[in-house]
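# Coordinate analysis (summary)
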Amino acid sequence: MLLPQLNPQTAFTITALSSWSMIALLWVMGRSFPRQGVAWIMGSLASFGLGYMLIALSRALPTEEAMRVSYFMLGLGSSLAALGIRRFQLYRWSLADGAIALLPHAMTAVWLALALNDFTLYARLSNAGFVLQIIVLCAILISGRKRMVGHGWKVMLGGLVIQALSVLPFALPGSPPSTVEPVVHSLAEQLMAWALCGVMFLNLQLSVLSFLMMLQDRRTDNERQAAEVDVLTQLPNRRSLVRQLAHWLPLVMRQQGSVGIILLDIDHFKQVNDAFGHDAGDRVLQHVAGVLREEVRQGELLARYGGEEFVIVLRNADRQTAMTVAARVVEKVRNAPVQLGTHVRHVTVSAGVHVQKVAIDEADGASGWPWHDWIRQADAAMYVAKGAGRNQFAVSPRSHAPVPA
Ligand code: GH3
Ligand code: MG
Ligand code: MG
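Residues numbered from 1 in each chain as written. Chains lettered and ligands numbered in written order. Predicted model: local features only at pLDDT ≥ 70, side-chain atom pairs only at ≥ 80, totals over all residues. Heavy atoms only, no water.

## Re the overall build of the chain
Scanning the chain from terminus to terminus reveals 12 helices and 7 strands. Against the globule reference of 22 Å for 405 residues, the chain gives a C-alpha radius of gyration of 32 Å, more extended than a compact globule. C-alpha atoms of the chain, sized along the principal axes, occupy 95 × 55 × 35 Å. Each of the 405 residues in the chain was classed as buried or not, and the buried ones make up 47%. Long-range pairs, those at least 24 residues apart, make up 75% of the contacts in the chain with a sequence separation of at least 6. The positive charge centre, built from 35 side chains, and the negative charge centre, built from 28, are 3 Å apart in the chain. (Helix = DSSP H or I, 4+ residues; strand = E, 2+ residues; numbered from the N terminus. Rg over C-alpha atoms; globule rule 2.2 N^0.38 Å. Buried < 20%, exposed > 50% of the residue type's maximum accessible area, 1.4 Å probe, protein only. Contact = heavy atoms within 4.5 Å. Lys, Arg positive; Asp, Glu negative; His and termini not counted. Charge placed at Lys NZ, Arg CZ, Asp CG, Glu CD.)

Put into structure tokens, the structure is as follows:
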């Protein structure tokens with residue numbers, strides 16, 4: 001025979017051992033991801049490993065009893081995995097979790113009641129229950145998809161579909177009894193043993209690796225978000241603004257629309273730092289950020305652009321709209337004094353407005369947009385407002401204005 005000898009017992013033993021070795025892998029790779037379900041997935045692997053080992057040993061034990069316990073262990077493993085995925089999705093504990101935890105126990109009780117003396121039926125019902133649990137896991141993944149990022153969960157979903165399809169034949173009427181034969185003779189039986197081992201091994205690898213992918217995808221996303229938020233004001237920073245712009249600018253270009261930029265700079269901010277200290281300066285920055293945050297509407301972008309400079313970007317705003325927004329924002333800051341210890345301090349800002357018409361042919365497609373040129377126009381206008389006495393806005397002379405009809 002060309003193939004190395006393999007019987008189902010060995011296949012299940014290999015799968016059991018690799019389940020347990022995966023626990024170590026998850027521990028090493030997953031211990032820096034607290035409270036995201038890692039421990040539950042480890043428990044699930046332990047339970048699966050026990051289930052597979054019992055199947056491998058079932059010939060040496062009272063076979064049917066060993067198989068019943070192993071079915072329960074596999075069901076429990078699925079439930080623990082489901083609870084782990086729910087923890088990863090950051091759901092709080094709920095009745096649904098209780099139902100998931102009880103499912104394998106309830107199913108075992110029902111199978112015992114229905115098929116205590118008919119082991120073939122018992123095995124079929126258990127496999128059907130296992131398929132049901134895989135469907136529950138798929139439903140959990142799909143319904144909680146908004147709570148996960150990246151592609152890891154899709155890989156897990158694919159693995160679960162393979163798993164359900166590979167168990168399904170054993171759940172159908174007329175399925176072969178699910179006890180393991182110690183010796184295999186024919187080439188067909190050899191191939192079956194290898195296929196069984198391959199599918200179980202693939203499923204195991206896919207579920208653990210996809211879970212690690214899910215953890216890593218979330219970490220990468222968190223790091224990206226943290227890198228785009230200004231720690232002091234909790235506003236998006238310059239990098240985030242530019243990225244968001246790059247996201248919606250192609251659409252605005254296709255619409256031959258416009259981008260309205262309002263650059264705001266706190267007036268005489270250095271005096272606050274000098275008179276009240278750097279901490280007071282920080283508080284003023286937070287205060288102005290709060291006022292601006294209340295003024296931006298859906299679809300507009302706001303960012304802390306530099307030290308005491310903020311930028312509001314309006315999508316498809318004409319010159320008049322941009323001027324109205326700038327006037328309103330300057331007035332809101334003027335009318336919102338900030339408390340610095342026992343002092344009440346009035347803060348003002350100066351704003352520069354630039355409205356840029358954009359079209360797809362203006363730059364090299366949507367990627368070559370000259371943002372720096374646009375922000376320079378707004379900056380120049382802001383200095384005009386400073387020169388005119390601060391606490392006001394000015395519009396860049398190159399701002400786009402619709403030609404009156
Ligand atoms: P103007 O009206 O011409 O804008 O005067 P100004 O004093 O606001 O302008 P200037 O550019 O001279 O001062 C800006 C100051 O902002 C200098 C810098 O120390 C301060 N600054 C920048 N970032 C921070 C920050 O995060 N916290 C505090 N407290 N101060 C900051
Ligand atoms: Mg400045
Ligand atoms: Mg300033």
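Once the structure has been displayed, the description carries forward.
## So, the coordination of the magnesium ion (ligand 2)
The protein atoms that coordinate the magnesium ion (ligand 2) are Asp 265 (OD) and Glu 308 (OE), at distances spanning 2.1 to 2.2 Å. Between the magnesium ion (ligand 2) and the magnesium ion (ligand 3), both coordinated by Asp 265, there is a metal-metal distance of 3.8 Å. In this pair, Asp 265 is assigned in strand 1 (residues 258-266) and Glu 308 in the loop between strand 2 (301-304) and strand 3 (309-315), connecting sequence segments 43 residues apart. (Donors = N, O, S within 2.8 Å, 3.2 Å for Na, K, Ca; no water.)

## So, the site of ligand 1
Inspection of the region around ligand 1 gives 16 residues, with His 268, Phe 269, Asp 282, Lys 386 and Arg 390 positioned closest. Between ligand 1 and Arg 304 there is a distance of 2.8 Å, counted from an oxygen atom to a side-chain nitrogen or oxygen. For ligand 1, an oxygen atom lies 2.8 Å from a polar atom in the side chain of Lys 386. Mapped by element, the contributors of at least two residues to the shell around ligand 1 are strand 1, helix 9 (269-276) and helix 10 (278-295). In terms of residues, the shell around ligand 1 owes the most to one element, helix 10, which gives 4 residues. (Near = heavy atom within 4 Å. Polar contact = N/O pair within 3.5 Å; in protein donor to acceptor, adjacent residues only side chain to side chain.)

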